[in-house]
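# Residue-level structural notes
Below are the chains, spelled out letter by letter.
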Amino acid sequence: MAFLRYSLIRLALFAPLFVLFMFLQLGALLSVICAALIAFAVSYLFFQKQRDEAAAALHGRFSGKAKPLRSAGEVADANAEDGLLDANPDVTIRTSGPKAPEAKAPEA
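The structure contained in this document is the topic of the report that follows. Bear in mind the structure is a predicted one, so any value in this text is a computation, not a measurement. (Residues numbered from 1 in each chain as written. Predicted model: local features only at pLDDT ≥ 70, side-chain atom pairs only at ≥ 80, totals over all residues. Heavy atoms only, no water.)

### Thoughts on unusual backbone geometry
Positive phi outside glycine occurs at Gln25, with the angle close to 60°. The topology assignment puts Gln25 in the loop between α1 (2–23) and α2 (28–46). (Helix = DSSP H or I, 4+ residues; strand = E, 2+ residues; numbered from the N terminus.)

### A closer look at the packing of aromatic side chains
Using the criterion set out here, one finds 2 aromatic pairs in the structure. Taking the centre distance of 5.9 Å and the plane angle of 15° together, the rings of Phe14 and Phe18 count as stacked. Of this pair, Phe14 and Phe18 both sit in helix α1, 4 residues apart, which is roughly one turn of that helix. Taking the relative accessible area as the measure of exposure, Phe18 reaches 25% and is therefore partly exposed. (Phe/Tyr/Trp six-rings, centres within 6.5 Å; stacked < 30°, edge-to-face > 60°. Buried < 20%, exposed > 50% of the residue type's maximum accessible area, 1.4 Å probe, protein only.)

### Points about the side chain of Ser31
Inspection of the secondary structure puts Ser31 in helix α2. Relative accessible area serves as the criterion here: at 0%, Ser31 is assigned to the buried category. From its side chain, Ser31 meets the backbone nitrogen of Met22 in a polar contact 3.5 Å long. Filtering out sequence-adjacent residues up to four positions away, Ser31 remains in contact with Phe18, Phe21, Met22 and Leu26. (Polar contact = N/O pair within 3.5 Å; in protein donor to acceptor, adjacent residues only side chain to side chain. Contact = heavy atoms within 4.5 Å.)

### Considerations on the packing of α1 against helix α3 (residues 48–62)
Angle between the axes and distance between the axes: these two values describe a pair of packed helices. Across the interface, α1 lies against α3 with an axial gap of 8 Å and an inter-helix angle of 140°. As the angle between them shows, α1 and α3 are arranged oblique. The element α1 and its partner α3 pack so that their crossing is left-handed. Facing α1, whose interface residues are Ala2, Phe3, Arg5, Tyr6 and Ile9, α3 presents Gln50, Arg51, Glu53, Ala54, Ala57 and Leu58. Looking at the contact of α1 with α3 residue by residue, the classes come out as 7 nonpolar, 1 polar and 3 charged. (Axes fitted to C-alpha atoms, helices over the stretch in contact; angles between N-to-C directions. Parallel < 35°, antiparallel > 145°, perpendicular 65-115°, else oblique. Left-handed = near helix turned anticlockwise from the far one by under 90°. Nonpolar A, V, L, I, M, F, W, Y, C, P; charged D, E, K, R; others polar.)

Structural data, given as structure tokens:
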């Protein structure tokens, strides 16, 4: 949520600046560049707390310690699979595919 909030702050800075520079007839490319630079500078100088929260949220998400995000369908599938395995203890699951038959060397 922190990353989304910080992104929206930067977008709220960028959009009016872009419109202003287009109104001043700087051209689309120059308007984008100027608006992006000014929005970056303002957000860097005045929104440090939000930037740090967004960075912490991204670090927490991609550090490898976060729980994986699963959809309701994936959770239901995993629960059904666990139930089937509990009901049939003699069934094993192989994570690799079937082994290919080994080729025998031709006898001479």
